[in-house]
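# Residue-level structural notes
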Amino acid sequence: MEMQTWGPGRTRSGSRGGTQHERQNAWPPYPPPGETELERAMRVEEEREAKRISDAIDRELEAERQALRKDRKGKMKLLLLGQSESGKSTMLKNFQIHFAPNALRAESAAWRAVIHLNLVRAVNFILDVLTRPPPSPFPAAAAAAAAPAHPASAAPPSAQSSSPSPPDAASPTVHAFPPRRASATPQPNSDLRRYKLSLSPLKQVEMILVRHLSATSSPFSSSVDPSAPPALPAEVTVRGGSAWRALLRRQQAPHADGRTRFSEGRADEVEHARQILDACRADVAAMWASAGVRAALREEGVVVEDHSAFFLDHADRVAQMDYEPTFDDILRARLQTIGVEEHHLSMETSAEDGQRWIFYDVGGARGQRASWVPFFEDMNAIIFLCSTAAFNEVLSEDRAINRLLDSFNTWKTICSSRLLTAVQFILLLNKMDLLDAKLRAGVQFAHSVKSYRGENELVQVTEYLRRKFAAIHHHHSPQPRKLHVHTTCAIDIVTTSSVLLHIRDTILVNYLTAMQVM
């Protein structure tokens, strides 16, 4: 049987055998019957041109695959998701501590400013709360005092004499300070007046640091009821993408003429703020050590221990002029992000030396979650954090919504996204130390989570949460995929270390698998 050659490596039997379907779908196509030499030459040329175009397309596709593989080589993209105060930023700092410690040390001056702002906000908050006078037991008299003056004859004598007289306006326990306190119990004004006076310069320190960090300036946490006294000092809040970390680096980077790019006036202002804080540190420590102040805070229903106690406990060290933040200090610095921040980590450990990990830390408030979707594409992994201790708390932006229930619903939405079908999912059940403390204190998990039927013990509650999140992931994922679950306490460097190594191994294995498929 005669064989004909059709281009390099392509042969075809010269026989007209085969089914009609095979002849119609063969390439190059069979010569049509009665084909002239000119028609044959034209057909062969068209076939060669078609093959040239096809080969060019194949080369372009391969080049794109190689370019994508080169771009992804050594680069990991991770998206941190979860509610506000679930621990996303703290977990990112753990990654920096373990895999890029030198880069984090280079940011210590910026973190020192954040820590100082945490401290002075807590002090100013405590003094403002405790030196407010209680609600007046004589509302009519208070209203009359606030109303415009009228002639004495406008009120009948009987009305003037029938109302009880308000307490002396010069009372040292009621009217000496700005308006409103939740409790009517007089507070230890002799000590508070002294602290209020000696620590008043910290108001100026707070304003300087707020300007320095481009942070929010409100000293109190937001409340649904503006008339209600705040229960906690406001978070230090910066907008995503802001250059707050670079402020100190700009201060230290000289121009060619020897001057700094950073405003010399601003640098002097920050230095002055540190001097003021250093001068006040003994009084800050004494105020926080005062049994009367602690008792007064409990009377007001203010729980500062879970929020600012660490830096108040270490005020004498933190407020010194030569203070340099430790990694433990940086982990506990509270900083809330509005919007999205992109963090580039150049891995410094020997196993990952040279790799680049890019973290996207997004705001977790309900109004900010629409900004998550554009970051769903081209991610290696999603790390979702749930604050396990929030089972009996509500959202600050919607007091009718339980925080744990909101985490379940948010997790369901993320698992259902088809954009994330091929993305590795990692779930961190965070703040296990606070969960354990609440359960030991007798706070009943079943009172807030109606579907729970177990004992009020850490092991059983943790297993319930694992099963609940795993069931949501299983039922709502577009296709089967593995879920990795870890329990964490993000402020504990030692215990978090092993979790981070597991996360790293999981991401690298998934990454290498994807590179082999491409």
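Since the model is a prediction, treat every value here as computed from it, not as a measurement. (Residues numbered from 1 in each chain as written. Predicted model: local features only at pLDDT ≥ 70, side-chain atom pairs only at ≥ 80, totals over all residues. Heavy atoms only, no water.)

Moving on to the sheet that holds strand S9 (residues 424-430). Ordered by their spatial adjacency, 6 strands build an open sheet running S6-S7-S3-S8-S9-S10, and the pairing between neighbours is mixed. The open sheet terminates on both sides in strands that have one partner only, identified here as strand S6 (340-346) and strand S10 (483-487). For this sheet the average axis-to-axis angle between neighbouring strands, irrespective of direction, equals 20 degrees. Bridge count between S6 and strand S7 (residues 356-362): 7 bridges; the pairing is antiparallel. Counted as the bridge partner of Glu342 is Tyr360 from S7. (Pairing = 2+ DSSP bridges. Helix = DSSP H or I, 4+ residues; strand = E, 2+ residues; numbered from the N terminus. Axes fitted to C-alpha atoms, helices over the stretch in contact; angles between N-to-C directions.)

Now for the pairing of S9. The element S9 is largely enclosed, with a buried count of 7 among its 7 residues. Neither face of S9 is left uncovered, since the one carrying Gln424, Ile426, Leu428 and Asn430 and the one carrying Phe425, Leu427 and Leu429 both have all their residues buried. When strand S8 (residues 381-387) meets S9, the two strands line up parallel, connected through 7 bridges. Bridging across to S9, Ala381 finds its partner in Gln424. Between S8 and its parallel partner S9, the chain crosses via helix H16 (residues 403-416), and the hand of that crossover is right-handed. Note that S9 and S10 share 5 bridges and pair parallel. Along S10, the bridge assignment pairs Phe425 with Leu483. (Buried < 20%, exposed > 50% of the residue type's maximum accessible area, 1.4 Å probe, protein only. Right-handed = clockwise from strand over helix to strand, strands pointing away.)

What follows covers the pattern of salt bridges. Applying the stated criterion to the full structure yields 21 salt bridges. As a salt-bridge pair, Arg211 and Glu269 come within 2.4 Å of each other at their nearest N and O atoms. Placement of the pair is Arg211 in helix H9 (residues 201-213) and Glu269 in helix H11 (residues 264-289), with a sequence separation of 58 residues. Among the ionic contacts, a cluster of salt bridges with common partners joins Glu35, Arg43 and Glu47. (Salt bridge = Lys/Arg side-chain N within 4 Å of Asp/Glu carboxyl O.)

A positive phi angle is found at Glu85, which is not glycine, with a value near 65 degrees. Here Glu85 lies in the loop between strand S3 (75-82) and helix H3 (88-99).

Core analysis: the biggest nonpolar cluster contains 50 residues, and Leu119, Val123, Ile126, Leu199 and Leu202 have the highest contact counts within it. At the level of secondary structure, the elements contributing two or more residues to this core comprise helix H5 (108-130), helix H8 (189-198), H9, H11, helix H12 (291-300), helix H13 (309-313), helix H14 (315-318) and helix H15 (327-332). The dominant element in this core, judged by the number of residues it contributes, is H5, at 14 residues. If we ignore the near neighbours within four places in the chain, the residues touching Leu202 are Val120, Val123, Asn124, Leu277, Cys280 and Val284. By size, the runner-up hydrophobic cluster in this structure holds 36 residues, among which are Ile358, Ala389, Leu420 and Tyr452. (Core = buried A, V, L, I, M, F, W, Y, C linked by side-chain atoms within 4.5 Å. Contact = heavy atoms within 4.5 Å.)

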